[in-house]
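# Secondary and tertiary structure notes
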Amino acid sequence: MKKIFLTITMVLAAAFYASAQLMQLDGYNNTLWTGFGNAWNSADTNGEKSKARLDSKNWGALGEDDDLRWNGVLDTFQARLTSKTLFVDLMLQWGGLSTYDASGDLDYLKFQYIDSDVNFVANITNNFDVAMGTYLNWKMGPAPAHGANSWETGYHLLQGGMGYGTPSQNLVAGAAYYANYINESLELAKATTAGEEVKPVTEALAARFRVEDVLEIAAAVPSGTTSDDFLANVGVRFTPADQFLFAFAYNGIFRKDSNLYAGLTIGTDTASIDGWLAIDNIGGKKDNRITGVGGAVTFSTNGITLRPEVGFTFYENSNYSTACYGGVDLKFALSKNLDLGAWGSLAFGSKESGGATGGKIFDVRPNITYYISSSDALSASYEYQFITTNQDNDYNFWQAGFFWSHAF
């Protein structure tokens with residue numbers, strides 16, 4: 001029963017499923033969320049796609065950390081429809097978000113559109129797909145994980161919660177950009193030169209060609225490119241055996257400050273090793289290059305999955321020190337209808353010589369899911385975060401979220 005529900009309703013963790021977007025099989029799914037804590041913000045953390053990761057603090061808008069607040073409700077509807085060789089995949093979010101007055105009392109709920117995505121994928125031949133969409137998720141290889149879509153129970157911080165940019169431009173800086181999604185594009189140089197907040201562009205036109213299960217070649221044109229200033233992404237994924245995968249991608253062809261990615265997976269269903277490399281801001285301003293390296297080991301046996309992960313970010317500019325993070329993801333099938341999970345991470349941001357300190361973030365996020373039937377599941381998550389900013393200010397935040405998912 002639980003396995004049927006997972007297959008139909010959740011975005012699975014299989015890293016290289018050929019047609020994964022927001023849902024993998026035809027059907028409809030609705031997730032209703034509510035939560036509370038001592039601080040919240042409807043904006044998303046660290047440039048993730050969704051604007052509504054409501055059960056976590058947005059570190060870009062730190063405030064008082066001692067007020068208990070109800071966050072309101074968020075509803076996320078998903079659907080995937082297939083007609084012969086074409087499928088449409090979509091997501092729509094609406095919410096009743098709480099608003100508080102100056103004294104910290106609940107003032108009103110604001111009912112509003114939050115976010116949406118739609119993808120169109122056409123299977124021209126057995127080996128060739130073309131697509132256009134806002135969030136295609138065409139993944140080439142492994143990179144730092146965030147667990148699930150931002151509205152789902154298993155979502156957690158990416159790279160320990162560190163942000164892009166340099167120490168003086170972010171409360172805790174040190175995230176590298178891994179271009180392992182062929183449809184995604186990011187001009188990271190803006191965060192390291194002008195101090196602008198940058199977020200990945202996920203809207204794209206894309207195509208891919210596969211040679212059985214051995215080779216995949218993909219390319220994408222992200223939204224915003226022009227005929228005068230053309231921009232493209234390319235990638236290759238090579239899987240000569242079930243136990244081996246190698247991936248390569250280049251983000252931002254024909255643009256300065258482009259980004260290179262390489263990833264590797266070796267292992268079996270019970271034990272595997274992932275490794276990844278990013279070289280960002282290639283061909284741009286001197287001393288602006290950023291290099292990220294990291295990896296993870298996954299162990300799966302008897303209903304238990306353990307995945308420790310680590311990453312380092314090196315700046316070409318000698319004024320900035322190395323940033324790093326470590327995290328552990330745990331999943332445990334306690335019974336046929338009950339799953340437990342937990343994520344914990346610790347990140348140390350980059351320091352600036354004679355300037356901002358690095359800061360750090362500690363995060364722990366346990367969660368539990370009970371499968372009522374083949375179409376319904378109830379989940380709860382709790383998250384505690386301690387942050388020391390680059391100005392040596394300390395904050396403690398906690399959030400609790402409750403989810404009801406229903407498959408139609």
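Residues numbered from 1 in each chain as written. Predicted model: local features only at pLDDT ≥ 70, side-chain atom pairs only at ≥ 80, totals over all residues. Heavy atoms only, no water.

Each helix and strand counted, the protein has 2 helices and 18 strands in total. Of all 408 residues assigned to the protein, the portion counted as buried reaches 49%. For the protein, long-range pairs separated by at least 24 residues make up 54% of all intrachain contacts whose partners lie at least 6 apart in sequence. For the protein, the exposed area adds up to about 17900 Å²; of that, 60% sits on carbon and sulfur atoms. (Helix = DSSP H or I, 4+ residues; strand = E, 2+ residues; numbered from the N terminus. Buried < 20%, exposed > 50% of the residue type's maximum accessible area, 1.4 Å probe, protein only. Contact = heavy atoms within 4.5 Å. Areas by Shrake-Rupley, 256 points an atom, 1.4 Å probe, with all protein chains shown as cover.)

Quick look at the packing of aromatic side chains now. Inspection of the entire model under this criterion finds 11 aromatic pairs. Residues Phe230 and Phe254 carry aromatic rings whose centres are separated by 6.1 Å and whose planes lie at 50 degrees to one another, so their mutual orientation is tilted. Separated by 24 residues along the polypeptide, Phe230 in the loop between strand E7 (215–222) and strand E8 (232–241) and Phe254 in the loop between strand E9 (244–253) and strand E10 (258–267) bring together distant segments of the chain. Chaining the aromatic ring pairs together yields one cluster made of Phe36, Tyr382, Trp398 and Phe402. Between the NZ or CZ atom of Arg80 and the centre of the ring of Phe87, over which it lies, the distance is 3.7 Å. Note that Arg208 overlies the ring of Trp138, its terminal NZ or CZ placed 3.8 Å from the centroid. (Phe/Tyr/Trp six-rings, centres within 6.5 Å; stacked < 30°, edge-to-face > 60°. Lys NZ or Arg CZ within 6 Å of the ring centre and 35° of its normal.)

Across 10 bridges, the pairing between strand E16 (residues 360–371) and strand E17 (residues 376–388) is antiparallel. Paired with Tyr371 across the strands is Ala377, a residue of E17. Linking E16 back to E17 in an antiparallel pair, the connection comprises 4 residues. Bridging between E17 and strand E18 (residues 394–407) involves 13 bridges; their strand directions are antiparallel. Residue pairing for E18: Asp376 is matched across the bridge by His406. Counting the residues in the hairpin turn of E17 and E18 gives 5 residues, including Asp392, whose phi is positive at 65 degrees. (Pairing = 2+ DSSP bridges.)

Quick look at the side chain of Asp117 now. By secondary structure assignment, the location of Asp117 is in strand E4 (residues 106–125). Assessed through its relative accessible area of 4%, Asp117 is described here as buried.

With that settled, consider the environment of Phe348. Relative to the helices and strands, Phe348 resides in strand E15 (residues 338–348). Its relative accessible area of 38% is what places Phe348 among the partly exposed residues. Sequence spacing of Phe348 and Ala323 is 25 residues, and the spatial spacing of their C-alpha atoms is 5.7 Å. Apart from residues lying up to four places away in sequence, Phe348 is in contact with Met162, Ala323, Cys324, Gly359 and Lys360.

Looking now at the pattern of salt bridges. Tallying each qualifying case throughout the model produces 8 salt bridges. Two residues, Arg365 and Glu383, come together in a salt bridge whose shortest N-O distance is 3.2 Å. With Arg365 in strand E16 and Glu383 in strand E17, the pair connects residues that are 18 residues apart, well separated along the chain. Glu383 matches Arg365 in its accessibility class, with the two residues each being buried. When salt bridges with common partners are traced through the structure, they connect Asp129, Arg208 and Arg210 into a single cluster. (Salt bridge = Lys/Arg side-chain N within 4 Å of Asp/Glu carboxyl O.)

Across soluble globular proteins, nonpolar side chains have a tendency to be buried as a group. Of all hydrophobic cores here, the largest spans 43 residues; its most connected members are Trp138, Met162, Tyr164, Tyr178, Leu188 and Tyr261. Looking at this core, the elements that each hand over two or more residues are strand E6 (204–211), E7, E9, strand E11 (271–282), strand E12 (290–301), strand E14 (323–335) and E15. Residue contributions to this core peak at 3 residues, all from E9. Judged by nonpolar contacts, the second largest core, of 5 residues, contains Leu74, Leu97, Ile114 and Phe403. (Core = buried A, V, L, I, M, F, W, Y, C linked by side-chain atoms within 4.5 Å.)

What follows covers the confidence of the model for the protein. When the pLDDT values of the protein are averaged, the result is 86; 88% of them are 70 or greater. Here residues 1–20 scores under 50 on pLDDT; set against residues more than four positions off or in separate chains, the count is 48 contacts. Residue range residues 40–64 is modelled with pLDDT below 50. Its contacts to residues more than four positions away, or to other chains, number 96 contacts. (pLDDT = per-residue confidence, 0-100.)

Turning to unusual backbone geometry, a few remarks are in order. Within the chain, Phe254 stands out as a residue other than glycine whose phi angle is a positive 75 degrees. The backbone phi angle of Asp392 is positive, close to 65 degrees, even though this residue is not glycine. Structurally, Asp392 can be placed in the loop between E17 and E18. Exposure remark for Asp392: the relative accessible area of 51% places this residue in the exposed category.

What follows is about the pairing of E10. The buried fraction of E10 amounts to 8 of the 10 residues, a majority that puts the element mostly inside the structure. With 8 bridges connecting them, E9 and E10 associate as antiparallel partners. Paired with Ala249 across the strands is Tyr261, a residue of E10. In this structure, the hairpin formed by E9 and E10 is closed by a connection of 4 residues, where Phe254 is found at a positive phi of approximately 75 degrees.

Moving on, we come to a negative patch on the surface. Together, Glu212, Asp213, Asp242 and Asp269 make up a region of like negative charge exposed at the surface. Tracing the chain through its elements places Asp269 in the loop between E10 and E11. (Patch = residues over 30% accessible without salt bridge, like charges linked within 9 Å, V, L, I, M, F, W, Y side chains within 5 Å. Lys, Arg positive; Asp, Glu negative; His and termini not counted. Charge placed at Lys NZ, Arg CZ, Asp CG, Glu CD.)

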